[in-house]
Amino acid sequence: MDFTIEYYSEAVQDEILNLPDSLAARFIVLTRRITAVGPNLGPPHTDAFGNGLFELRLKGQDGIARVFFCTLVGRRVMMLHSFVKKTQKAPPREIELARNRMKEVKHANP
């Protein structure tokens, strides 16, 4: 049985699909792989942030982006937040936003 990809909101989906072309294309390739084999693609594609939060690491000729996601019961993967990286480390506010959305989603989907 395949995994399904869901989005925290329509705005998050639009934000991801409106990434620069090479990053959006990489997102599509990696999410197809996630639906087929699951969310643990391993380095360099995914990384764990702890407590159930993960990042999808997108790299293309347009730069580097990250998409935070979590998993839910029923082989569901919830895309929570994305941003284009401009610094070496992910900004704390980006991580905190993703963590808050994950808590909200997990509370609504026990």
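One can find the structure itself at the top, above this paragraph.
First, a word on what this report is: a plain description of the structure on this page. (Residues numbered from 1 in each chain as written. Predicted model: local features only at pLDDT ≥ 70, side-chain atom pairs only at ≥ 80, totals over all residues. Heavy atoms only, no water.)

### Section: the environment of Gly-50
- When you line up the elements, Gly-50 lands in strand β2 (residues 46–50).
- Judged by its relative accessible area of 31%, Gly-50 is partly exposed.
- Taking the C-alpha atoms as reference points, Gly-50 and Arg-99, separated by 49 residues in sequence, lie 9.9 Å from one another. (Helix = DSSP H or I, 4+ residues; strand = E, 2+ residues; numbered from the N terminus. Buried < 20%, exposed > 50% of the residue type's maximum accessible area, 1.4 Å probe, protein only.)

### Digging into unusual backbone geometry
- Cis rather than trans, the peptide bond between Pro-43 and Pro-44 has omega equal to 5°.
- Within the fold, Pro-44 resides in the loop between α2 (21–37) and β2.
- A positive phi is found at Asn-51, a non-glycine position, where the angle reads about 60°.
- One non-glycine residue, Arg-75, lies in the positive phi region at around 55°.
- Tracing the chain through its elements places Arg-75 in the loop between β4 (63–72) and β5 (76–84).

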